[in-house]
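Listed below are the residues making up each chain.
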Amino acid sequence: MYWTEFLTVALIHLLAVASPGPDFAVVVRESVTHGRRAGTWTALGVGTAIFLHVGYSLLGIGLIVSQSIVLFNALKWAAAAYLLYIGFKALRAQPAKPVADDLHKEAGERTARGAFTSGFVTNGLNPKATLFFLSLFTVVINPHTPLMVQAGYGIYLAAATATWFCLVAMLFSQQRVRAGFARMGHWFDRTMGAVLIAIGVKLAFTEMH
């Protein structure tokens with residue numbers, strides 16, 4: 001009965017999650033710098049944060065945020081500040097030591113908790129995600145769709161997001177890929193830092209429509 005609605009939700013989500021953004025940037029950076037384990041935990045953090053968006057969308061809190069310029073701006077600036085923080089931190093990266101000595105060491109320097117938190121906060125504070133899920137649960141999904149069915153959509157969205165970014169982590173944490181990026185040394189970190197800062201600045205000037 002709800003298959004058409006589900007397929008529409010799945011297609012929209014696929015298009016949204018596949019487009020480069022803060023989540024993609026942070027997963028790639030963690031995967032290349034710290035390895036597959038850190039990248040995977042970051043991906044799981046991003047996926048888990050989806051439950052946050054789904055939760056307040058189902059409760060109607062997202063609607064309140066979207067209608068309040070003060071709350072929207074508070075969320076926007078918090079997200080922008082976080083992205084600028086990790087971006088500037090990456091810009092300060094120093095030249096790397098020889099690749100052979102560092103790749104395995106770096107993989108162990110990042111704790112699972114730290115990587116998970118990085119992914120969770122990056123996605124959870126993204127106001128664009130707030131607006132995306134608000135529109136998804138108010139425009140695309142019929143308000144008369146049973147709450148349990150909507151919750152099922154939410155579980156799918158979280159699982160699909162985590163799966164997608166785990167695949168991204170697997171790709172960018174491969175030894176050959178990491179070695180290729182590592183040869184660029186600190187320039188890769190600085191480039192990713194610049195990307196995160198650009199996203200943060202763009203986010204800071206996002207206006208509520």
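Residues numbered from 1 in each chain as written. Predicted model: local features only at pLDDT ≥ 70, side-chain atom pairs only at ≥ 80, totals over all residues. Heavy atoms only, no water.

### Re the environment of glycine 39
Stage number 1. Structurally, glycine 39 is set in helix H3 (residues 36-59).
Stage number 2. Ignoring any residue separated from it by four or fewer positions in sequence, one finds glycine 39 in contact with Val27, Glu30, Ser31 and Ala169. (Helix = DSSP H or I, 4+ residues; strand = E, 2+ residues; numbered from the N terminus. Contact = heavy atoms within 4.5 Å.)

### So, the layout of surface pockets
Stage number 1. For the second largest pocket, the calculated volume is near 480 Å³.
Stage number 2. Around the second largest pocket sit 21 residues that line it, and Ala16, Ser19, Pro22, Asn126 and Lys128 are the ones nearest its centre.
Stage number 3. Looking at the lining of the second largest pocket, the elements with two or more residues in it are helix H1 (3-18), helix H2 (22-34), helix H8 (127-140), helix H9 (147-172) and helix H11 (186-204).
Stage number 4. Here the lining of the second largest pocket gets four residues from one element, more than from any other, and that element is H8.
Stage number 5. Classifying every residue of the lining of the second largest pocket gives twelve nonpolar, six polar and three charged. (1 Å grid on protein atoms, 1.4 Å probe; cavity = no way out; pocket = protein on both sides within 12 Å on 5 of 7 lines; lining within 4 Å. Points joined across faces, edges and corners; volume = space filled by probe spheres on them. Nonpolar A, V, L, I, M, F, W, Y, C, P; charged D, E, K, R; others polar.)

### Thoughts on the nonpolar core
Stage number 1. Listed in full, the twelve residues of the largest apolar core are Val17, Val26, Val27, Val28, Val32, Ala43, Val46, Phe165, Cys166, Val168, Ala169 and Phe172.
Stage number 2. When residues of this core are traced back to their parent elements, those giving at least two are H2, H3 and H9.
Stage number 3. Considering every element that reaches this core, the biggest residue donor is H9, with five residues.
Stage number 4. Those residues within four positions of alanine 43 in sequence are excluded, and the remaining contacts are Val27, Ala162, Phe165 and Cys166.
Stage number 5. The next biggest cluster of nonpolar side chains, apart from the first, holds eleven residues, and it includes Phe6, Val54, Tyr153 and Ala158. (Core = buried A, V, L, I, M, F, W, Y, C linked by side-chain atoms within 4.5 Å. Buried < 20%, exposed > 50% of the residue type's maximum accessible area, 1.4 Å probe, protein only.)

### Let's talk about the packing of aromatic side chains
Stage number 1. By the definition in use, this model includes six aromatic pairs.
Stage number 2. Pairing tryptophan 3 with phenylalanine 6 gives two aromatic rings, centres 5.8 Å apart and planes at 85°, and the pair type is edge-to-face. Residue tryptophan 3 and its partner phenylalanine 6 are located together in helix H1, separated by three residues, close to a single helical turn.
Stage number 3. The exposure class of tryptophan 3 is exposed, given its relative accessible area of 62%.
Stage number 4. An aromatic cluster of three or more residues is present, and its members are Trp3, Phe6, Tyr153 and Tyr156. (Phe/Tyr/Trp six-rings, centres within 6.5 Å; stacked < 30°, edge-to-face > 60°.)

### Observations regarding H8
Stage number 1. In a regular helix each residue adds 1.5 Å, so 14 residues correspond to 20 Å; H8 covers 19 Å between its end C-alpha atoms and thus fits that length.
Stage number 2. Looking at H8, one finds that the buried residues are Pro127, Ala129, Thr130, Phe133, Leu134, Leu136 and Phe137. (Expected span 1.5 Å × (residues − 1).)

### Structural notes on the side chain of serine 173
Stage number 1. One can find serine 173 in the loop between H9 and helix H10 (175-182).
Stage number 2. Judged by relative accessible area, serine 173 falls into the buried class, the value being 7%.
Stage number 3. Side-chain polar atoms of serine 173 contact the side chain of arginine 36, separated by 3.0 Å.
Stage number 4. At 2.6 Å, the side chain of serine 173 and the backbone oxygen of alanine 169 are in polar contact.
Stage number 5. Excluding its chain neighbours within four sequence positions, the residues that come into contact with serine 173 are Ser31, Gly35, Arg36 and Arg178. (Polar contact = N/O pair within 3.5 Å; in protein donor to acceptor, adjacent residues only side chain to side chain.)

### Observations concerning the environment of leucine 131
Stage number 1. Relative to the assigned elements, leucine 131 resides in helix H8.
Stage number 2. Measuring from C-alpha to C-alpha, the distance between leucine 131 and histidine 53 comes to 9.4 Å, with 78 residues separating the pair along the chain.

### Considerations on the confidence of the model for the protein
Stage number 1. For the protein, the average pLDDT comes to 79, and 76% of its residues sit at 70 or higher.
Stage number 2. Throughout residues 98-108 the model reports pLDDT below 50, and contacts reaching past four residues in sequence, or to other chains, amount to 14 contacts. (pLDDT = per-residue confidence, 0-100.)

### So, the packing of H2 against H9
Stage number 1. One way to put it is that H2 packs onto H9 with a least axis distance of 8 Å and a crossing angle of 40°. Both H2 and H9 take part in a crossing whose hand is right-handed. In contact with Asp23, Phe24, Val27, Val28, Ser31 and Val32 of H2, H9 contributes Phe165, Val168, Ala169 and Phe172.
Stage number 2. Split into classes, the residues belonging to the contact of H2 with H9 amount to eight nonpolar, one polar and one charged. (Axes fitted to C-alpha atoms, helices over the stretch in contact; angles between N-to-C directions. Left-handed = near helix turned anticlockwise from the far one by under 90°.)

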